[in-house]
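# Results of the structural survey
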Amino acid sequence: MSVDTPVRRRKLTPLRILLHGFLIVVSLAWLFPIAWAVLTSLRSYDYTAANGYVSFGGWTLDNYVTAWRTAEFGQHFLNSVYITVPAVLLTLFLASCVAFVIARFSWKLNLVLLGIFTAANLLPQQALLIPLFRLFTEVPLPEFMSDSELLYDSYWGLILINVAFQCGFCVFVLSNYMKALPRDLYEAAMVDGASIWRQYWQVTMPLCRPALAALATLEVTWIYNEFFWATVLMRTGDKFPVTSSLNNLRGEFFTDNNLVSAGSVLVAIPTLVIFFMLQRHFVRGLTLGASKG
Amino acid sequence: MSDLPLIQADRAVPPPASTTSTGGRRRRLRLLSRTDRVVITLMVLVPLLLVTGLVWLPAAATVLLSGTNWDGIGPLDEIEFVGARNYSDVVNIYPPFVPAVQHNLLWLAALFVVATPFGMFLAVLLDKELRGSRFYQTALYLPVVLSLALIGFVWQLLYSRDQGLINAVFGSSIDWYGDSSVNIWAVMVASGWRHVGYIMLLYLAGLKGVDPSLREAAAVDGASESRAFFRVVFPVMRPINIIVLVVTVIESLRAFDLVWVVNKGRNGLELISALVTQNVVGEASRIGFGSALATIMLVVSLVFITIYLATVMRENRE
């Protein structure tokens, strides 16, 4: 948001130097824990044990190899993919349907509907845990869908609960976005005899691409980062998504901080990659819910 | 469903600007075709059933169960209502409850008094379009993309007693995560680290939405920068302020992942959310009791959710 005055060459006054100095210090302090994790992960345990962590040397990639093997990261990443990809697609699809109806029609229950979805996203998960836990252990699934033969301890259960929980935020953002679309579009579409479904799928959705991209980026990181549901609704260690498997790793990694850091970096990599590649979308997604537009 | 025939094309639609000779037909009540009505019903009903079934009904069931003595195993018809006994038990004979409430409040206070103003302050500085602003911003909100569980691990590298950086640098031997007198502060620092970036981002978006002419007017009137901020800019950002307030309250109420990865919310890290979880998935499953704890969380959060919804809905109507 640049003010409409010509860009002035700003002189480096002492105040500005101070300001930059302050921001640099804060930024580096903020980056430090992550940088430290990366640094620690690249050093051998024996070297740091002998020379202390505040030393230089012992560079190796072995921690990554060991962490990957002992923690079965391959399997856990796959589990995360099995849960995250369908959950994000389903969330965006279902949320956009509701948002379309809310934005397209003025109907006396619109606000109620918006409230039901938005508030659901803000409830504390633990407040639903007890009945859900029981429900999940009661609902049977055929064996080809889940080897626990229950919704409990299955990917399906986690996908469903993530979708149910995340829908609210997406409905809220998408309905705001759709309300801002020009009304004439629908008038024209109706004159052409387009059905409601076509108005949704072929008129509205393509126009919502920026919002959908922002939400998809955000939801991928959120569902990938989801820890609570997987911890309580899964039992079999092999099926845990990678974020929740972290807790098992600590036992396996013992007190070897170099391995812990390699594991942490491995788990962080997908979100960091998404973040740096799609930073614009990510940031817009976070602020879409907070401000208009 | 019975409401569907009442659906109207939005009345706010202005009639086409240039009315042709055939124009002027304002179809206020558009009767949709049967297929269209079925499609609309499904578009709303399927997500609604999912959210109701997996979020709202469980929430209601939690409230109901909090009045019973159910142990989670016996058949449902043996449930007995015990009134408010679970609540009185929670308050009176459950030692971790009081520390948990204190920790939740402490968490809220730390996020609200330290992390939130700091995030806002950074947003104000970064809103000045400094050179290198992009680097500063990226560094500050990088922690927001990490999960809180992962943050627990990353900070362990600084906090661990024997291998942690803090003790190595200061020559101390404090077990930051294990010592029950300091660990709540240690995890709050880690949690605040993430919260600052998030708040900064929200305020940065809010500041960009403030009408620049307001600030110019304040500057013309000779108001100092800080005066202009507190008297002009801050009040205009009221909706953002309320959203930030609610987000902070809810985040501190929902805080869970971080303490759970550290020690499952025991030994100095009691939080209400962790107590609920311990009572359900732990060795002793005390359903009625856990539900009473969960209901307390639910009620507190619903108060703030209502404030939030009232704010954003008013915003949207404008």
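Under an unreviewed UniProt entry, chain B has the name Multiple sugar transport system permease protein and belongs to Micromonospora ureilytica. Here chain B is described in UniProt, under the heading Sequence similarities (unreviewed entry), as follows: "Belongs to the binding-protein-dependent transport system permease family." What UniProt records for chain B under Subcellular location (unreviewed entry) is the sentence "Cell membrane".

An unreviewed UniProt entry annotates chain A as Multiple sugar transport system permease protein originating from Micromonospora ureilytica. Recorded under Subcellular location (unreviewed entry), the UniProt text for chain A is reproduced unchanged: "Cell membrane". Taken from UniProt, the Sequence similarities (unreviewed entry) comment for chain A reads in full: "Belongs to the binding-protein-dependent transport system permease family."

Before going further, it helps to spend a moment on the interface of chain A and chain B. Every contact between the two is made by 106 residues of chain A and, on the other side, 111 residues of chain B. On the surface where chain A and chain B come into contact, there are zero salt bridges. At the junction of chain A with chain B, the criterion picks out 13 residue pairs in polar contact (both at pLDDT 80 or more). The element best represented in the side of chain A that touches chain B is helix α1 (residues 14-41) of chain A, accounting for 16 residues. Grouping the constituent residues of the side of chain A that touches chain B by class yields 70 nonpolar, 25 polar and 11 charged.

Attention now moves to the packing of aromatic side chains. Centre-to-centre distance and the angle between the planes together describe a pair of aromatic rings. Residues and elements named next belong to chain B. Scanning all chains against the criterion turns up 34 aromatic pairs over all chains. A ring pair is formed by Tyr159 and Trp176, whose centres lie 6.1 Å apart and whose planes are at 35°; its orientation type is tilted. A residue pair is termed long-range when its members are at least 10 positions apart, and Tyr159 in helix α5 (residues 148-159) and Trp176 in the loop between α6 (165-170) and α7 (183-208) qualify at 17 residues. Relative accessible area serves as the criterion here: at 4%, Tyr159 is assigned to the buried category. Their ring planes at 25° and their centres at 5.0 Å tell us that Phe256 and Trp260 sit as a pair that is stacked.

Analysis parameters
- Residues numbered from 1 in each chain as written.
- Chains lettered and ligands numbered in written order.
- Predicted model: local features only at pLDDT ≥ 70, side-chain atom pairs only at ≥ 80, totals over all residues.
- Heavy atoms only, no water.
- UniProt positions renumbered as here; feature names shortened; annotations may be inferred.
- Contact = heavy atoms within 4.5 Å.
- Salt bridge = Lys/Arg side-chain N within 4 Å of Asp/Glu carboxyl O.
- Polar contact = N/O pair within 3.5 Å; in protein donor to acceptor, adjacent residues only side chain to side chain.
- Helix = DSSP H or I, 4+ residues; strand = E, 2+ residues; numbered from the N terminus.
- Nonpolar A, V, L, I, M, F, W, Y, C, P; charged D, E, K, R; others polar.
- Phe/Tyr/Trp six-rings, centres within 6.5 Å; stacked < 30°, edge-to-face > 60°.
- Buried < 20%, exposed > 50% of the residue type's maximum accessible area, 1.4 Å probe, protein only.

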